[in-house]
Amino acid sequence: MTGGGMNMNEIRTDACEETTTCFNCGSSGIEKTWRRQSFQYGNGASAVELTAEMPVYSCAECGFEFVGAEAEDVRHEAVCRHLGLLTPSEIVAIREANQLTRVQFAEVTRIGIASLKRWETGALIPHAANDALVYLMTFPENLKRLQSRNHFDPLDIADISASVELPPRHRSVIPFRGRGITADSISIERAASWALRV
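The paragraphs below set out a description of the structure included in this document. (Residues numbered from 1 in each chain as written. Predicted model: local features only at pLDDT ≥ 70, side-chain atom pairs only at ≥ 80, totals over all residues. Heavy atoms only, no water.)

## Observations concerning the overall build of the protein chain
- Looking only at helices and strands, the protein chain has eight helices and eight strands in total.
- Here the protein chain holds 198 residues, and 29% of them are scored as buried.
- The long-range fraction of contacts in the protein chain, counting pairs at least 24 apart against all pairs at least 6 apart in sequence, stands at 49%.
- Within the structure as shown, the protein chain displays about 13,400 Å² of accessible surface, and the carbon and sulfur contribution to it stands at 52%. (Helix = DSSP H or I, 4+ residues; strand = E, 2+ residues; numbered from the N terminus. Buried < 20%, exposed > 50% of the residue type's maximum accessible area, 1.4 Å probe, protein only. Contact = heavy atoms within 4.5 Å. Areas by Shrake-Rupley, 256 points an atom, 1.4 Å probe, with all protein chains shown as cover.)

As structure tokens, this is what we get:
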């Protein structure tokens, strides 16, 4: 990996965070520093360059430099921020703030336990809809609503409709292929904007 004008080896093992010897020469003179580095996210025309402060390990003897799994976590967090999604640590914090285990959180939200674990550990980035659901769990009333919901009882649509105010829709009869069709003003505007040919 290149960044900041240096060539760096990328070692993706958790062991390098605790290493006391150089992987290249065996020296015990390893120093950890934090450096601002850029990396590419995405491919082709949609690729973007992101920047993050990353831990870099350097050998005082041979100059060998490397980053490890800790840097991968920093990259993952930068990508989440770029996409406008919760980071793994934020997902864990939301679950723990609700005093729920992974299994309990998965049961309440109906998110798969394996998916939740992957999001919390940074193995995967959640889809935006799942991210929104997890975010809604920051509000205690949403958690209570989900906990009290019986998934086997049908929803009362009348209650839902009564609680949501929709703008009034005026219905009109419009000519279409020789017959009149009843439509509301919003549908007529949409159809006109499509410039449909009949």
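More follows now that the structure is in view.
## Details of the environment of Ala132
- Inspection of the secondary structure puts Ala132 in helix 5 (residues 128-136).
- With a relative accessible area of 37%, Ala132 lands in the partly exposed category.
- Put simply, Ala132 and Leu85 are 47 residues apart on the chain and 8.3 Å apart in space, counted from C-alpha to C-alpha.

## Looking at the environment of Arg110
- Considering the arrangement of structural elements, one finds Arg110 in the loop between helix 3 (102-109) and helix 4 (113-121).
- Placed 36 residues apart in sequence, Arg110 and Leu146 show a C-alpha to C-alpha distance of 9.6 Å.

## A few points about the packing of aromatic side chains
- A full pass over the atoms with the stated rule returns four aromatic pairs.
- Here Tyr57 and Phe66 contribute two aromatic rings whose centre-to-centre distance is 5.4 Å and whose plane-to-plane angle is 15 degrees, an arrangement assigned as stacked.
- Residue Tyr57 is classed as buried on the basis of its relative accessible area, which comes to 4%.
- Phe66 sits in the buried class, given a relative accessible area of 0%.
- Arranged with centres 5.7 Å apart and planes meeting at 35 degrees, the rings of Phe64 and Phe66 form a pair that is tilted. Residues Phe64 and Phe66 agree in their burial class; the two are buried.
- Put simply, the rings of Phe23, Tyr57, Phe64 and Phe66 pair up and form one aromatic cluster. (Phe/Tyr/Trp six-rings, centres within 6.5 Å; stacked < 30°, edge-to-face > 60°.)

## Thoughts on the packing of helix 3 against helix 4
- Orientation of helix 3 relative to helix 4, taken along the N-to-C sense of each, is 120 degrees, at an axis distance of 9 Å. Relative to helix 4, the element helix 3 lies oblique. Here the hand of the crossing between helix 3 and helix 4 comes out right-handed. Of the residues in helix 4, those in contact with Arg102, Val103, Phe105 and Ala106 of helix 3 are Ile113, Leu116, Lys117, Glu120 and Thr121.
- Residues that form the contact of helix 3 with helix 4 fall into these classes: five nonpolar, one polar and three charged. (Axes fitted to C-alpha atoms, helices over the stretch in contact; angles between N-to-C directions. Parallel < 35°, antiparallel > 145°, perpendicular 65-115°, else oblique. Left-handed = near helix turned anticlockwise from the far one by under 90°. Nonpolar A, V, L, I, M, F, W, Y, C, P; charged D, E, K, R; others polar.)

## Points about the pairing of strand 4 (residues 30-41)
- Where strand 4 and strand 5 (residues 48-59) come together, 12 bridges link them in antiparallel fashion. Looking at the pairing, Arg36 lines up with Glu53 of strand 5. (Pairing = 2+ DSSP bridges.)

All quantities given are derived from atomic positions and should not be read as evidence of function.
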